[in-house]
Amino acid sequence: MSGTYFDALWEAHVVESLADGNDLLFIDKVVAHEITTPPGALLIERDFGDALFDPRAIVAVNDHVSPANDAATAEQARHLRGWAKRHGIELYDVGDNGICHVLVPERGFVRPGMTLCCGDSHTCTLGAFGAIAFGVGTTAQAGAMLAGCVVVKRPHVMRVRIDGVLRGAASAKDVALTVVRTLGASGARGYALEYCGSTVETMSMGERMTLCNMAIEAGATTGLIRPDATTRAYLHDRGVPFALEERWYEHARVSGTYAKTIEIDASGIVPLVTWGTDPSQSVPLGQRVPEAANDGALAYMGLRPGASLEDAAIDQVFIGSCTNSRLHDLRVAAEVLRGRRVSVPTIVTPGSQAVKRAAEREGLHEVFQDAGALWTHASCGPCLGMSMGVLAKGMRCVSTSNRNFPGRMGAGGRVHLASPVVAAASAVLGRIPTPSQLDELTGAGVCV
Amino acid sequence: MRISGDVLALPFDGIDTDQIIPAMHLTVIEPSGLGPHLFTGHAELSNRLAEVPTASIVVAGADFGCGSSREHAAWALLERGFRAVIAPSFARIFLENAYTNGLVPVVLARSDVEACLRARSLEIDVDAESISTDGGERFMFTLDPVRKTFLEGGGYLRYLHAKIPAIRTWAAART
Ligand code: SF4
């Protein structure tokens, strides 16, 4: 294993190699949000005189519960605000914010060749830009803010080669779920996933972010995609200078040797929906859940072994989260909802204020609201059961987010992960669609 | 350092951090007040905790601490009196968080974890990297030699703080 794009990028950031595979890795950009940053900022303030390594290398976002919904979350947002102001850190706040993983690329904070960390496991989303981006705990994030580095074990590199054309309603989300299903919920532990192949090459940056977003769901340290003309065009459109990164575009042409390779045929990917309590537990639409009950997952989900998912009535649909809240996701969901009515409470949460405004310029907010869905402000929204759209015990939600863990969206709540198109169809039907129902609702041709 | 105490047996793989501490409790600025909410993300786990209120060592299945990066999971365990977690494997971020907070993460082979699950109490010799069960079994484990030095309170940030001059020199010389 050597010479891959990931290896070259990693090595360019190693300040010191430590024992047992650990490296002192330089971090170019720290993303700081209001849930995980304040306790770390306090540690630096109390024990190290409040000095930061480089405030310009930090971007702060109030995103998880924004605007605040009670006194405690208001205190978190206020703390992040005051801290950012004191240090001259760029802050994105109510009215001009969004989920950090959606906002950071839009504002040009991630570029090929960078390393980034954040006290948030879905930081791997940013690997779509040919960056090494990974989640860390509060203390490690504080360390990166204090000293510009993290101590982290160098992962092996696994190539995830995806070739072929996606058919019917299959989407980047179904590719992500397929990868997690193939590897298992911890099958990529100790690895960085490098996604490549013709399917990935033809994906937009938004789709690439959806794919990289769920690398953590297979336990990977991160996921990334080598930068190419699509990356360059995205950054160019946002006025991000890329001259400095030129060498990384060059590096991206070299493949190197990988510790492991898996291959996925995209033409065989169909829309998936999770039936269990970890994101690897999914089945194609229309197929029955497994007969063998798995760790109580079926019991938690209120499903009998071998049950058909379309038989279970759902209580809520959520379209949003750092996995699926960008413009493309909203467009495909709106196409299903156009001229139809939702039959269960449906919450549509754009990933950022910029996404929201772009969607509104296209009239998507009218489509959602005409269909009877709630069109909200930009934030993490119902994804983590912290603010709006929390589930009560036994409630069943089809969600475009990334985690279906027990209690994720509220104690005892049941989450089925799916793509925006499947979620929108579920909103219309009040049930998870069968493949033929999905065909009907999308007006699409084949969906095997 | 020696840790001895009763076992909380959680023989399930993939206990994620949402189960360890649900997101609705992540509204703290200071890492305190989390202990009472430990394992409330899943009734099965909180029921087992209620049965062994004196426990100070978690013995769990593979991939303990997967999912969200929330360090609150380690804080909640420590506040509730836990000093170590034994499992066949840990998710990366939880493992890092455990070390930086002085919660000892012990990786053992599955068969050894099963022996620990059957034990009522355990004694862990952190320096010698060994575990003894109340049934007289003894297992060796290996801690990460770098992170072991972070187990003492605040060790991780002190370590990085001392490196700042070298890091600045490296950054200035960077091409
Ligand atoms: S949208 Fe959900 S998964 Fe993404 S950062 Fe927010 S809470 Fe985490």
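Look above for the structure.
Residues numbered from 1 in each chain as written. Chains lettered and ligands numbered in written order. Predicted model: local features only at pLDDT ≥ 70, side-chain atom pairs only at ≥ 80, totals over all residues. Heavy atoms only, no water.

### A few points about the overall build of chain A
Consideration 1: Secondary structure assignment for chain A yields 16 helices and 19 strands.
Consideration 2: Its C-alpha radius of gyration of 21 Å places chain A within 12% of the 22 Å reference for a compact globule of 448 residues.
Consideration 3: Expressed along its principal axes, the backbone C-alpha trace of chain A runs to roughly 55 × 50 × 45 Å.
Consideration 4: When burial is assessed residue by residue, chain A has 67% of its 448 residues classed as buried. (Helix = DSSP H or I, 4+ residues; strand = E, 2+ residues; numbered from the N terminus. Rg over C-alpha atoms; globule rule 2.2 N^0.38 Å. Buried < 20%, exposed > 50% of the residue type's maximum accessible area, 1.4 Å probe, protein only.)

### Side note on the overall build of chain B
Consideration 1: Scanning chain B from terminus to terminus reveals six helices and seven strands.
Consideration 2: When the helices and strands of chain B are read in sequence order from the N terminus, they spell out β-α-α-β-α-β-α-β-α-β-β-β-α.
Consideration 3: A compact globule built from 175 residues should have a C-alpha radius of gyration of about 16 Å, and chain B, at 17 Å, falls within 12% of that.
Consideration 4: If you line up chain B on its principal axes, its C-alpha atoms span 55 × 40 × 25 Å.
Consideration 5: Going through the 175 residues of chain B one by one, you find that 57% of them count as buried.
Consideration 6: Across chain B, every contact between residues at least 6 apart in sequence was considered, and the portion connecting residues at least 24 apart equals 67%. (Contact = heavy atoms within 4.5 Å.)

### Regarding the site of the ligand
Consideration 1: The environment of the ligand is made up of His64, Ile99, His101, Asp120, His122, Ser321, Cys322, Cys380, Cys383, Leu384, Asn402 and Arg408 of chain A.
Consideration 2: Within the shell around the ligand, the residues separate by chemical class into five nonpolar, five polar and two charged. (Near = heavy atom within 4 Å. Nonpolar A, V, L, I, M, F, W, Y, C, P; charged D, E, K, R; others polar.)

### As for the interface of chain B and chain A
Consideration 1: Counting residues at the interface gives 51 residues for chain B and 62 residues for chain A.
Consideration 2: Counting each side, the surface lost to burial between chain B and chain A is near 4,500 Å², with a carbon and sulfur contribution of 61%.
Consideration 3: Glu16 of chain A serves as the salt-bridge partner of Lys163 of chain B, at 2.6 Å between the closest nitrogen and oxygen.
Consideration 4: For the pair chain B and chain A, the interface holds 19 residue pairs in polar contact (both at pLDDT 80 or more).
Consideration 5: A total of 12 residues in the side of chain B that touches chain A trace back to one element, the largest contributor, which is helix α6 (residues 155-173) of chain B. (Buried area = accessible area lost by both parts, 1.4 Å probe. Salt bridge = Lys/Arg side-chain N within 4 Å of Asp/Glu carboxyl O. Polar contact = N/O pair within 3.5 Å; in protein donor to acceptor, adjacent residues only side chain to side chain.)

### Observations concerning the side chain of Lys29 of chain A
Residues and elements named next belong to chain A.
Consideration 1: Among the structural elements, Lys29 can be located in strand β3 (residues 29-33).
Consideration 2: Of the side chains with opposite charge, Glu90 comes closest to the buried, unpaired Lys29, at an N-O distance of 6.5 Å.
Consideration 3: Not counting the four nearest positions on each side in its chain, Lys29 is found in contact with Arg56, Ala57, Ile58, Val59, Phe109, Met114, Thr115, Leu116 and Cys117. (Lys, Arg positive; Asp, Glu negative; His and termini not counted.)

### Examining the packing of aromatic side chains
Consideration 1: Scanning the entire structure with this criterion turns up 12 aromatic pairs over all chains.
Consideration 2: Ring centres of Phe129 of chain A and Tyr234 of chain A lie 5.1 Å apart, and the angle between their planes is 65°; this geometry places the pair in the edge-to-face category. Taken as a pair, Phe129 of chain A in the loop between β6 (115-118) and β7 (132-135) and Tyr234 of chain A in helix α9 (residues 229-237) lie far apart in primary sequence, 105 residues in all.
Consideration 3: Judged by its relative accessible area of 0%, Phe129 of chain A falls in the buried class.
Consideration 4: Tyr234 of chain A gets classed as buried once you look at its relative accessible area, which sits at 12%.
Consideration 5: Look at Phe64 of chain B and Phe94 of chain B: their rings are 5.2 Å apart centre to centre, the planes differ by 80°, and that puts the pair in the edge-to-face class. Placement of Phe64 of chain B in the loop between β2 (57-60) and α3 (72-79) and of Phe94 of chain B in helix α4 (residues 92-101) is noted, with a sequence separation of 30 residues between them. Residues Phe64 of chain B and Phe94 of chain B agree in their burial class; the two are buried.
Consideration 6: Joined through ring pairs, the aromatic side chains of Phe26 and Phe53 of chain A together with Trp170 of chain B make up one cluster. (Phe/Tyr/Trp six-rings, centres within 6.5 Å; stacked < 30°, edge-to-face > 60°.)

### A short note on the packing of helix α6 (residues 172-183) of chain A against helix α8 (residues 205-213) of chain A
Working note: a packed helix pair is described by the angle between its axes plus the distance between those axes.
Residue and element names in this part refer to chain A.
Consideration 1: Contact pair α6 / α8: the axes reach a minimum separation of 8 Å and the direction vectors enclose 25°. Overall, the two elements α6 and α8 adopt an arrangement that is roughly parallel. The chirality of how α6 crosses α8 is right-handed. On α8, the residues touching Ala172, Lys173, Val175, Ala176 and Val179 of α6 are Glu207, Thr210 and Leu211.
Consideration 2: Class assignment for the residues of the contact of α6 with α8 results in five nonpolar, one polar and two charged. (Axes fitted to C-alpha atoms, helices over the stretch in contact; angles between N-to-C directions. Parallel < 35°, antiparallel > 145°, perpendicular 65-115°, else oblique. Left-handed = near helix turned anticlockwise from the far one by under 90°.)

### As for α6 of chain B
Consideration 1: The first and last C-alpha atoms of α6 of chain B sit 28 Å apart over 19 residues, in line with the 27 Å expected at 1.5 Å per residue.
Consideration 2: Inspection of α6 of chain B places Gly155, Tyr156, Leu157, Leu160, Lys163, Ile164, Ile167 and Trp170 of chain B among the buried residues, and these make up the whole buried set.
Consideration 3: In this fold, the buried residues of α6 of chain B make contact with β1 (14-17), β2 (22-26), α2 (38-48), α5 (138-147) and β8 (149-153) of chain A together with α4 of chain B. (Expected span 1.5 Å × (residues − 1).)

### A look at the nonpolar core
Consideration 1: Formed by 84 residues in total, the largest nonpolar core has its most connected members in Phe368 of chain A together with Phe39, Val58, Phe64 and Leu77 of chain B.
Consideration 2: Among the elements that line this core, the one with the most residues is helix α15 (residues 420-429) of chain A, at seven residues.
Consideration 3: Residues within four places of Phe39 of chain B in sequence aside, it is in contact with Leu8, Leu10, Ile15, Gln19, Ile20, Leu45, Ser46, Leu49, Val58, Phe64 and Leu77 of chain B.
Consideration 4: Counting residues in hydrophobic clusters, the runner-up holds 55 residues, among them Val175, Val200, Cys212 and Ile264 of chain A. (Core = buried A, V, L, I, M, F, W, Y, C linked by side-chain atoms within 4.5 Å.)

### Considering the sheet that holds strand β17 (residues 374-375) of chain A
Residue and element names in this part refer to chain A.
Consideration 1: Overall, parallel pairing links the five strands, which are arranged β17-β16-β15-β18-β19 in an open sheet. Where the open sheet ends on each side, the last strands, each with one partner, are β17 and β19 (414-417).
Consideration 2: Direction of pairing for strand β15 (residues 316-319) relative to strand β16 (residues 346-348): parallel, over a ladder of three bridges. By the bridge assignment for β16, Phe318 is matched with Ile347.
Consideration 3: Sitting on the sheet, α15 touches β15, β16 and β18 (396-399), and the angle it makes with β15 is about 150°. (Pairing = 2+ DSSP bridges.)

### Considerations on the side chain of Lys173 of chain A
All names here are of chain A.
Consideration 1: Along the chain, Lys173 falls in helix α6.
Consideration 2: Despite being buried, Lys173 has no salt bridge partner; Asp174 is the closest side chain of opposite charge, sitting 7.7 Å away.
Consideration 3: In terms of polar contacts, Lys173 uses its side chain to reach the backbone carbonyl oxygen of Ser401, at 2.9 Å.
Consideration 4: Look past the residues within four positions of Lys173 in its chain and what remains in contact with it is Thr210, Met214, Thr323, Asn324, Ser399, Thr400, Ser401, Ala418 and Ser419.

### Here we look at unusual backbone geometry
Consideration 1: In this chain, Ser66 of chain A is followed by Pro67 of chain A through a cis amide linkage whose omega measures -5°.
Consideration 2: Along the chain, Pro67 of chain A falls in the loop between β4 (58-61) and α3 (71-87).
Consideration 3: Backbone geometry at Asp63 of chain B places phi at a positive 60°, although glycine is not the residue there.
Consideration 4: Examined against the element boundaries, Asp63 of chain B turns out to sit in the loop between β2 and α3.
Consideration 5: Unusually for a residue other than glycine, Glu129 of chain B sits at a positive phi of about 55°.
Consideration 6: Here Glu129 of chain B shows up in the loop between β5 (121-125) and β6 (130-133).
Consideration 7: Judged by its relative accessible area of 14%, Glu129 of chain B falls in the buried class.

### Digging into the sheet that holds strand β11 (residues 222-225) of chain A
Two orientations exist for strands paired in a sheet by backbone hydrogen bonds: parallel and antiparallel.
Residue and element names in this part refer to chain A.
Consideration 1: Read across the sheet, four strands follow the order β11-β10-β9-β12 without closing on themselves; strand pairing throughout is parallel. Lying at the two open borders of the sheet, with one neighbouring strand each, are β11 and β12 (260-265). When the angles between neighbouring strand axes are averaged without regard to direction, this sheet yields 25°.
Consideration 2: As paired strands, strand β9 (residues 156-163) and β12 are joined by six bridges and run parallel to one another.

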